[in-house]
Amino acid sequence: MKAIFTQDKKKMIFFDMNRTLLDERATFNECFARALEDFAGRWEGAIDAGLATETYWTEWRKTADSGMPVKARRMQCLARALKPYPIAVNDSFYTQLFSRIDELKTSHPRLFPETMRTLETLFPHYGLAIISNSGRKYLENQISRLGLAGLFPKERQFAGFSK
């Protein structure tokens, strides 16, 4: 049987931004910790943001099959992660914290380990393009912040993008 796709026939490689290039878990973890530190700033050193983040994800995994709505699940995990601290986890705190996390995620994206090296290795041999269902402004921001603009020429950053 003759191979349809061979390395010499491949001209372009497409990457989805989220969960392929962008490590959403690492981004969330950093932003969750920063947001907690922002909210607990007056208690200098009183919150172990790393431990709270780890506890949050432990609780998240425990509730994976609970069927709870995402917001209720997040609030429950957050309440358990912050139980040792003098923070009332209520709807207002939840809204403010996750709003802050979303703001931070825009300015502190993280690539998966080895992503940059892999892209730099592929770039001289293939055209690289990004496909995503995320909004254009979000993608432009992430591409810039992650230092990917030189690897993904503008005309290929939004292949098939209609928004």
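Going by the structure above, here's the rest.
Caption draft 1: Examining the overall build of the protein more closely. In terms of helices and strands, the protein carries six helices and two strands. Start at the N end of the protein and walk to the C end: the helices and strands fall as β-α-α-α-α-α-β-α. Buried positions account for 36% of the 163 residues belonging to the protein. Contacts in the protein between residues far apart in sequence, at least 24 positions, make up 72% of those at least 6 positions apart. Working note: accessible area of the protein is about 10000 Å², and carbon and sulfur atoms make up 53% of it.

Caption draft 2: Here's a closer look at the packing of aromatic side chains. Scanning the entire structure with this criterion turns up twelve aromatic pairs. One aromatic cluster is present, built from ring pairs that chain together Phe28, Phe32, Tyr56, Trp57, Trp60, Tyr94 and Phe98. Just above the ring of Trp57 sits the side chain of Arg25; from NZ or CZ to the centre is 3.5 Å. Looking at Arg73, its charged tip hangs above the ring of Trp60, at a distance of 3.6 Å from the centre.

Caption draft 3: Quick peek at helix α1 (residues 24-39). With 16 residues, α1 should reach 22 Å at 1.5 Å per residue; the first-to-last C-alpha distance of 22 Å fits that figure. Structurally, the start of α1 carries an N-cap: the backbone nitrogen of Arg25 is 3.2 Å from a side-chain oxygen of Asp23.

Caption draft 4: Quick look at the nonpolar core. Phe32, Tyr56, Leu78, Leu82, Leu97, Phe98 and Ile101 are the most contacted members of the largest nonpolar core, which totals 23 residues. Only α1, α2 (49-62), α3 (70-81) and α4 (91-107) provide two or more residues apiece to this core. Looking at which element gives the most residues to this core, the answer is α4, with six residues. Grouped together as the second largest cluster of nonpolar side chains are 14 residues, Met17, Leu21, Tyr126 and Leu139 included.

Caption draft 5: Broad picture of the packing of α1 against α4. Packing of α1 against α4 brings their axes to within 8 Å, and their N-to-C directions diverge by 125°. Put simply, α1 runs oblique to α4. The hand of the α1/α4 crossing is right-handed. Contact residues: α1 offers Thr27, Phe28, Cys31, Phe32, Arg34, Ala35, Leu36, Asp38 and Phe39, while α4 offers Phe93, Gln96, Leu97, Phe98, Arg100, Ile101, Leu104 and Lys105. When its residues are assigned to classes, the contact of α1 with α4 shows eleven nonpolar, two polar and four charged.

Caption draft 6: Broad picture of the pairing of strand β2 (residues 127-131). In terms of burial, β2 is largely enclosed, as four of its five residues are buried. With five bridges connecting them, strand β1 (residues 12-16) and β2 associate as parallel partners. Bridging across to β2, Phe15 finds its partner in Ile130.

Caption draft 7: Highlighting the side chain of His108. Secondary-structure assignment places His108 in the loop between α4 and α5 (115-122). In this structure His108 touches Thr27, Glu30, Cys31 and Arg34, once residues within four positions along its chain are discounted.

Caption draft 8: The environment of Ala33, seen in detail. Relative to the assigned elements, Ala33 resides in helix α1. Take Ala33: its relative accessible area is 16%, and that puts it in the buried class. Excluding anything up to four places from it in sequence, Ala33 contacts Ala49 and Thr53.

Caption draft 9: How the structure looks around a nonpolar patch on the surface. Taken together, the side chains of Met12, Phe14 and Ile131 define a hydrophobic patch exposed on the protein surface, amounting to about 250 Å² of accessible area. Counting through the fold element by element, Met12 comes out in strand β1.

Conventions adopted
- Residues numbered from 1 in each chain as written.
- Predicted model: local features only at pLDDT ≥ 70, side-chain atom pairs only at ≥ 80, totals over all residues.
- Heavy atoms only, no water.
- Helix = DSSP H or I, 4+ residues; strand = E, 2+ residues; numbered from the N terminus.
- Buried < 20%, exposed > 50% of the residue type's maximum accessible area, 1.4 Å probe, protein only.
- Contact = heavy atoms within 4.5 Å.
- Areas by Shrake-Rupley, 256 points an atom, 1.4 Å probe, with all protein chains shown as cover.
- Phe/Tyr/Trp six-rings, centres within 6.5 Å; stacked < 30°, edge-to-face > 60°.
- Lys NZ or Arg CZ within 6 Å of the ring centre and 35° of its normal.
- Expected span 1.5 Å × (residues − 1).
- Polar contact = N/O pair within 3.5 Å; in protein donor to acceptor, adjacent residues only side chain to side chain.
- Core = buried A, V, L, I, M, F, W, Y, C linked by side-chain atoms within 4.5 Å.
- Axes fitted to C-alpha atoms, helices over the stretch in contact; angles between N-to-C directions.
- Parallel < 35°, antiparallel > 145°, perpendicular 65-115°, else oblique.
- Left-handed = near helix turned anticlockwise from the far one by under 90°.
- Nonpolar A, V, L, I, M, F, W, Y, C, P; charged D, E, K, R; others polar.
- Pairing = 2+ DSSP bridges.
- Patch = residues over 30% accessible without salt bridge, like charges linked within 9 Å, V, L, I, M, F, W, Y side chains within 5 Å.
- Salt bridge = Lys/Arg side-chain N within 4 Å of Asp/Glu carboxyl O.

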